[in-house]
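Observations on chain architecture
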Amino acid sequence: MTKFNENYLNLKESYLFSDIAKRVETYQAANPDKKIIRLGIGDVTLPLAPSVIKSLHSAVDEMADAATFKGYGPEQGYDFLRNAIKDYYARNGVELDADEIFVSDGAKSDTGNITDMFAVDNTVLVPDPVYPVYVDTNTMNGRKIIYMDGTAENGFLPMPDPNVHADIIYLCSPNNPTGAAYNKQQLKAWVDYALENNAVILYDSAYECFIEDPELPRSIFAIEGAKQCAVEFCSLSKTAGFTGTRCGYTVVPKGIKAVAADGSELVLNKMWNRRQTTKFNGVPYIVQRAAAAVFSEAGMAEAKAMINTYKVNAKIIADTMDSVGVRYYGGINSPYIWFECPFDMYSWDFFDFMLDKIQVVGTPGAGFGKNGDNFFRLTSFNNKANTEEAMERFKTLFK
Ligand code: PLP
């Protein structure tokens, strides 16, 4: 019989969102008159912006005409989009070549797909708590994973330990779930560590558009040396509401090398290009046209307005935490507010407590790693009225 990849058996079952759904469903069935407000949503809720819709429509019309119809496109993305992304980076002070940018169907796929490139006997360093995809995709490949602790003491921004060696390092900034974001000095320490260890940093910047502090880097390539050691994953999911439309981009600078068993050095950009042209047939033309509209002047302004809408909600949540004296992280340069569970509660107990007392749903920190056991994540993706109502109810827990 065909042999199965047994590494899959080492995956921990992820009950997080199904457990949440079950508990909410049970509560609602028992209390049909209660209005539940969901602040656990990790998905955007605002529709695509007008410029994006216009571009999408006209691309659909092109597909209806033999003269402008598009079949297979370049696997790496059309030049019009790669150049628009290159210009976006340049506006933020980062110079890239267009052929260092690979258009993708999102950051989730590519943060997982990149593991194709690396030998199984590399050691992977992952923060805890963090977005679970990094751990699961490396577990599927059978790679050794070591963890670095994100804690209240380090502001959920773990720093390199010179006594620990890693070959692959995942960083996510601004972080999901903690909302914490590295500053330039901290990222420089990571770049230096990676260069010393001949390691690769896999940098997930899916939430870069939420950064408003000009001192915080929006790309790891703002750091000297990063083009020799870092791959960056970004996404239009949160930048422009593309969670259902699907488009992102991965930057693989030409300066990064990995070593083969015979000692020869391989240019990662070239190898990633080989991987993509073999396993991927590109993002749909119409989606790439929609994505290009995000980078136009009007599209950028519309995206910013969207993000600001979520930020107003984040501020409502953060102000509430301040008013009741709950310690929190994120909320300024991130759509996530990560707070210490009040009353010394474990995060699942606090979940049940909130559901029962105030009918507000969030995400227990335990779902993102052991360091999340006593923390809780709320998001700013619901609408303003619901966020306000949820926070008024939250305050009553402290009366
Ligand atoms: N990276 C992080 C840190 C995320 O939180 C998410 C989605 O929640 C993703 C990547 C997935 O992004 P995409 O929609 O581009 O696949």
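Source: prediction; values computed, not measured.

What counts and how
- Residues numbered from 1 in each chain as written.
- Predicted model: local features only at pLDDT ≥ 70, side-chain atom pairs only at ≥ 80, totals over all residues.
- Heavy atoms only, no water.
- Near = heavy atom within 4 Å.
- Polar contact = N/O pair within 3.5 Å; in protein donor to acceptor, adjacent residues only side chain to side chain.
- Areas by Shrake-Rupley, 256 points an atom, 1.4 Å probe, with all protein chains shown as cover.
- Helix = DSSP H or I, 4+ residues; strand = E, 2+ residues; numbered from the N terminus.
- Nonpolar A, V, L, I, M, F, W, Y, C, P; charged D, E, K, R; others polar.
- Expected span 1.5 Å × (residues − 1).
- Buried < 20%, exposed > 50% of the residue type's maximum accessible area, 1.4 Å probe, protein only.
- Arc of directions from axis to C-beta.
- Domains from an automatic or database assignment.
- Contact = heavy atoms within 4.5 Å.
- Buried area = accessible area lost by both parts, 1.4 Å probe.
- Salt bridge = Lys/Arg side-chain N within 4 Å of Asp/Glu carboxyl O.
- Axes fitted to C-alpha atoms, helices over the stretch in contact; angles between N-to-C directions.
- Parallel < 35°, antiparallel > 145°, perpendicular 65-115°, else oblique.
- 1 Å grid on protein atoms, 1.4 Å probe; cavity = no way out; pocket = protein on both sides within 12 Å on 5 of 7 lines; lining within 4 Å.
- Points joined across faces, edges and corners; volume = space filled by probe spheres on them.
- Pairing = 2+ DSSP bridges.
- Right-handed = clockwise from strand over helix to strand, strands pointing away.

Our next topic: the site of the ligand. The immediate surroundings of the ligand are formed by 14 residues, with Ala 107, Asp 204, Tyr 207, Ser 235 and Ser 237 found nearest. Ser 235 has a polar side-chain atom sitting 2.6 Å from an oxygen atom of the ligand. At a separation of 3.1 Å, an oxygen atom of the ligand approaches a polar side-chain atom of Lys 238. Protein coverage of the free-state accessible area of the ligand, which is 400 Å², stands at 90%. Looking at the shell around the ligand, the elements with two or more residues in it are α4 (107-113) and α7 (236-240). Of the residues assigned to the shell around the ligand, the class counts are 6 nonpolar, 4 polar and 4 charged.

Here helix α1 (residues 16-30) contains 15 residues, and its C-alpha end-to-end distance of 22 Å stays within 8% of the 21 Å for a straight helix at 1.5 Å per residue. Those residues of α1 that sit buried are Leu 16, Ile 20, Val 24 and Tyr 27. Down the axis of α1, the sector holding all buried residues measures 65°, keeping them to one side. Turned more than 90 degrees from where α1 packs its buried face, Lys 22, Glu 25, Thr 26, Ala 29 and Ala 30 sit exposed.

Moving on, we get to the domain arrangement of the chain. Here the chain is described as being made up of domain 1 (7-47 + 299-396) and domain 2 (50-296). Computed over C-alpha atoms only, the centres of domain 1 and domain 2 are separated by 26 Å. The interface is formed by 32 residues belonging to domain 1 together with 43 residues belonging to domain 2. Buried surface at the junction of domain 1 and domain 2, summed over both partners, amounts to about 3100 Å²; 60% is from carbon and sulfur atoms. Where domain 1 packs against domain 2, one counts 2 salt bridges. Linking Glu 212 and Lys 311 is a salt bridge whose minimum nitrogen-to-oxygen distance equals 2.8 Å. Secondary structure elements with two or more residues in the side of domain 1 that touches domain 2: α10 (297-324), β11 (328-330), β12 (336-340) and β15 (375-379). For the side of domain 1 that touches domain 2, the leading source of residues is α10, giving 8 residues. Class assignment of the residues belonging to the side of domain 1 that touches domain 2 gives a composition of 16 nonpolar, 10 polar and 6 charged.

Okay, the packing of α10 against helix α12 (residues 384-396) next. Between α10 and α12, whose axes approach to 9 Å, the crossing angle comes to 10°. Judged on the interaxial angle alone, α12 and α10 are roughly parallel. Packed against α10, whose contacting residues are Val 312, Asn 313, Ile 316, Ile 317, Thr 320, Met 321, Ser 323 and Val 324, the element α12 presents Lys 384, Thr 387, Glu 388, Met 391, Phe 394 and Lys 395 at the interface.

Okay, the layout of surface pockets next. Each pocket or cavity is described by its volume, and for the second largest pocket that value is around 610 Å³. The wall of the second largest pocket is formed by 24 residues, among which Asn 198, Val 200, Lys 257, Ala 258 and Val 259 lie closest to the centre. Listing elements by their share of the lining of the second largest pocket, those giving two or more residues are α6 (184-196), β9 (257-259), β10 (265-267) and α8 (268-279). For the lining of the second largest pocket, the class distribution of residues is 16 nonpolar, 4 polar and 4 charged.

A few words on the pairing of strand β8 (residues 248-251). Here β8 shows a buried face lined by Gly 248 and Thr 250 and a second buried face lined by Tyr 249 and Val 251. As defined by bridge partners, strand β2 (residues 101-104) adjoins β8 across 4 bridges and the pair is classed as antiparallel. Note on β8: the bridge partner recorded for Ile 101 is Val 251. Pairing of strand β7 (residues 230-235) with β8 involves 4 bridges; the strand directions are antiparallel. Within the sheet, the bridge partner assigned to Cys 234 lies in β8 and is Tyr 249.

On to the environment of Thr 137. Here Thr 137 lies in helix α5 (residues 133-141). A sequence separation of 24 residues divides Thr 137 from Asn 113, and the C-alpha atoms of the two residues are 8.2 Å apart. Residue contacts for Thr 137: discarding those within four places in its chain leaves Thr 111, Gly 112, Thr 115 and Tyr 170.

Where strands meet in a sheet, backbone hydrogen bonds hold them as pairs that are either parallel or antiparallel. Strand order in this open sheet of 4 strands is β11-β12-β15-β14, and the pairing throughout is antiparallel. Two strands in the sheet have a free side with no partner beyond their single neighbour: β11 and β14 (363-364). Bridging between β12 and β15 involves 5 bridges; their strand directions are antiparallel. Across the sheet, Glu 340 pairs through a bridge with Phe 375, a residue of β15.

Within α5, the full set of buried residues consists of Val 133, Tyr 134, Val 135, Thr 137, Asn 138 and Thr 139. Among the structural elements, α4, β3 (123-128), β4 (144-149), β5 (168-172) and β6 (200-204) are those in contact with the buried residues of α5. Phi for Gly 142, located one or two positions after α5, is positive at around 80°.

Let us now look at the pairing of β3. Extensive coverage of β3 is indicated by the burial of 6 of its 6 residues. Here β3 shows two buried faces, one formed by Thr 123, Leu 125 and Pro 127 and the other by Val 124, Val 126 and Asp 128. The pairing of β3 with β4 spans 6 bridges and is classified as parallel. By the bridge assignment, Pro 127 is partnered in β4 with Met 148. Of the crossover connections in this fold, the one passing from β3 over α5 to the parallel β4 is right-handed. Of the pairings in the sheet, the one linking β3 to β5 comprises 2 bridges and is parallel in character. Bridge assignment links Val 124 to a residue of β5, and that residue is Ile 168.

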